Amino acid sequence: MVEKCGQLNKTKIAEGGRKLRKCWASSWLVLAGNSLMFYKDPKVTAAWTPSGSRPESSVDLRGARIEWARDLSSKRNVIYFRTVTGNEYLLQSDNEAVSQDWYQAIKGVIHRLVNQVFGCRLEALCQREGGTIPRFVQQCVEAVEQRGLDADGLYRVNGNLAIIQKLRFIVDH
């Protein structure tokens, strides 16, 4: 699901913790799921679909950090973000409202991903919840013990994929 897309100036200032020279370029950005994707070709704007075009690069926002880049650039309205792999980017628009919208959208995705259950490392989830068994797993076991022990095939029959995805969405949001 696409949350936001649009044109911004972008530069990568570090890769794996190693500093790089700034090289600003206009890029088409698509914020979808847990990723921020960068496209070089502005023609992709008219008919963008997830399967219809390949991004120039993609960034996983899980565990990323975002802030305003006050001292990292002489440009105005610059957003800084760093991924868990040590890649650092600057995003910029001359329009302050555009930069504000992107900052809030990316920050919202990062915040949502912090509280995610599915797709999260088990150790990180247990540490975040302060226990050795995730709360969601405990709730599932309790539900099975309360009303599922008499059901046939509970652990042998696959569930309906649409229902499973809907439940995952409910748990993560």
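Residues numbered from 1 in each chain as written. Predicted model: local features only at pLDDT ≥ 70, side-chain atom pairs only at ≥ 80, totals over all residues. Heavy atoms only, no water.

**Looking at the overall build of the chain**
Logical step 1: When you go through the chain residue by residue, the secondary structure sums to four helices and eight strands.
Logical step 2: Going from the N terminus to the C terminus, the chain shows its helices and strands as β-β-β-β-β-β-β-β-α-α-α-α.
Logical step 3: The C-alpha atoms of the chain give 20 Å as radius of gyration, which overshoots the globular expectation for 173 residues (16 Å, by more than 25%).
Logical step 4: Of all 173 residues assigned to the chain, the portion counted as buried reaches 33%.
Logical step 5: Considering only residue pairs separated by 6 or more positions, the chain has 47% of its internal contacts joining residues 24 or more positions apart.
Logical step 6: Counting every atom, the chain has about 11600 Å² of accessible surface; 51% of that belongs to carbon and sulfur.
Logical step 7: Across the chain, the 25 positively charged side chains and the 18 negatively charged ones have centroids separated by 7 Å. (Helix = DSSP H or I, 4+ residues; strand = E, 2+ residues; numbered from the N terminus. Rg over C-alpha atoms; globule rule 2.2 N^0.38 Å. Buried < 20%, exposed > 50% of the residue type's maximum accessible area, 1.4 Å probe, protein only. Contact = heavy atoms within 4.5 Å. Areas by Shrake-Rupley, 256 points an atom, 1.4 Å probe, with all protein chains shown as cover. Lys, Arg positive; Asp, Glu negative; His and termini not counted. Charge placed at Lys NZ, Arg CZ, Asp CG, Glu CD.)

**Regarding the confidence of the model for the chain**
Logical step 1: This prediction gives the chain a mean pLDDT of 86; 92% of its residues lie at or above 70.
Logical step 2: The secondary-structure element of the chain with the lowest mean pLDDT is helix α4 (residues 161-172), recorded at 81, while strand β8 (residues 88-92) shows the highest, at 97. (pLDDT = per-residue confidence, 0-100.)

**As for a nonpolar patch on the surface**
Logical step 1: The grouping of Ile163, Leu167, Phe169 and Ile170 at the surface amounts to a nonpolar patch, some 430 Å² of accessible area in total.
Logical step 2: Locating Ile170 in the fold gives a position in helix α4.
Logical step 3: Note on Ile170: relative accessible area 52%, which makes it exposed. (Patch = residues over 30% accessible without salt bridge, like charges linked within 9 Å, V, L, I, M, F, W, Y side chains within 5 Å. Salt bridge = Lys/Arg side-chain N within 4 Å of Asp/Glu carboxyl O.)

**Regarding the state of the cysteines**
Logical step 1: Inspection of the entire model under this criterion finds zero disulfides.
Logical step 2: No disulfide involves Cys140; its nearest neighbouring cysteine sulfur is the one of Cys126, lying 14 Å away.
Logical step 3: The class for Cys140 is partly exposed, based on a relative accessible area of 35%. (Disulfide = S-S within 2.5 Å.)

**Brief notes about the pairing of strand β3 (residues 25-32)**
Logical step 1: Burial of β3 is extensive: six of the eight residues sit out of reach of the surface.
Logical step 2: Relative to β3, strand β1 (residues 2-15) runs antiparallel, the two sharing eight bridges. Within the sheet, the bridge partner assigned to Cys5 lies in β3 and is Val30.
Logical step 3: Where β3 and strand β4 (residues 35-39) come together, five bridges link them in antiparallel fashion. Note on β4: the bridge partner recorded for Ala32 is Ser35.
Logical step 4: From the end of β3 to the start of β4, which pair antiparallel, there are two residues, and Gly33 there has a positive phi angle of about 60 degrees. (Pairing = 2+ DSSP bridges.)

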